[in-house]
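Breakdown of the fold
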Amino acid sequence: MISKRPYLIRALYDWISDNGLTPHLLVNAELATVAVPVQYVNEGRIVLNVSQGAVRNLELGNDWIEFSARFGGMQHWIRFPPSAVIAVYARENGQGMVFGPEPEGDDSPSPAEPPEPDKPSPERRPTLKRVK
């Protein structure tokens, strides 16, 4: 199954923005796939203001969260997977959601393995009826 985290991030972003508050993302900056300005990382994490006025070209995708933002007056391209997001919250009141670690594997069967067909029990064999 597809991770629910990107969907929850988008929903919380919309909910916080619709209430006139400032959405922030707490991101694990220690992952190799996270591209953020390292000078603003504190204890392996970075807090990002992702409000409409603070970022440009925000894409909250299923595979990547990307946008352009200014840090210390310098323009930076920010990119990281949704799995790097630790929390989404409103700056003004702290309401939002903290995410747990992503499960490592996927319990769903792979597409190459078709499910076994149900076998009818001897008591309930399928029957055909003639319809006129």
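Our subject is the structure that appears above.
Residues numbered from 1 in each chain as written. Predicted model: local features only at pLDDT ≥ 70, side-chain atom pairs only at ≥ 80, totals over all residues. Heavy atoms only, no water.

Topic: the environment of Ser3
Position of Ser3 relative to the elements: it lies in the segment before helix 1 (5-18). For Ser3, a relative accessible area of 26% corresponds to the partly exposed category. Within the structure, the side chain of Ser3 is placed 3.1 Å from the backbone nitrogen of Arg5, a separation counted as a polar contact. (Helix = DSSP H or I, 4+ residues; strand = E, 2+ residues; numbered from the N terminus. Buried < 20%, exposed > 50% of the residue type's maximum accessible area, 1.4 Å probe, protein only. Polar contact = N/O pair within 3.5 Å; in protein donor to acceptor, adjacent residues only side chain to side chain.)

A look at the sheet that holds strand 3 (residues 55-60)
Taken in spatial order, the 3 strands line up as 3-4-5 in an open sheet, and their pairing is antiparallel. Looking at which strands have only one partner, the edges of the open sheet turn out to be strand 3 and strand 5 (74-80). Strand-to-strand twist of the sheet, defined as the mean angle between neighbouring strand axes without regard to direction, takes the value 25 degrees. As defined by bridge partners, strand 3 adjoins strand 4 (residues 65-71) across 4 bridges and the pair is classed as antiparallel. Counted as the bridge partner of Val55 is Ala69 from strand 4. (Pairing = 2+ DSSP bridges. Axes fitted to C-alpha atoms, helices over the stretch in contact; angles between N-to-C directions.)

Examining the packing of aromatic side chains
As enumerated under the stated definition, the model contains 2 aromatic pairs in all. Ring geometry for Tyr40 against Phe71: centres 5.1 Å apart, planes inclined by 40 degrees, an arrangement best described as tilted. Taken together, the positions of Tyr40 in the loop between strand 1 (23-28) and strand 2 (45-49) and Phe71 in strand 4 put the pair 31 residues apart, joining distant regions of the chain. For Tyr40, a relative accessible area of 38% translates into the label partly exposed. Taking the centre distance of 6.4 Å and the plane angle of 90 degrees together, the rings of Phe67 and Phe80 count as edge-to-face. Of the two residues, Phe67 sits in strand 4 while Phe80 sits in strand 5, which places them 13 residues apart along the sequence. Classification of Phe67 as buried rests on a relative accessible area of 1%. (Phe/Tyr/Trp six-rings, centres within 6.5 Å; stacked < 30°, edge-to-face > 60°.)

Here's the deal with the pattern of salt bridges
For the structure on display, the rule yields 2 salt bridges. A salt bridge links Arg79 to Glu66, with the nearest nitrogen and oxygen atoms 2.8 Å apart. Of the two residues, Arg79 sits in strand 5 while Glu66 sits in strand 4, which places them 13 residues apart along the sequence. Since its relative accessible area comes to 30%, Arg79 is described here as partly exposed. Across the salt bridge formed by Arg91 and Glu92, the nearest N and O atoms sit 3.7 Å from each other. The partly exposed category is assigned to Glu92, whose relative accessible area is 42%. (Salt bridge = Lys/Arg side-chain N within 4 Å of Asp/Glu carboxyl O.)

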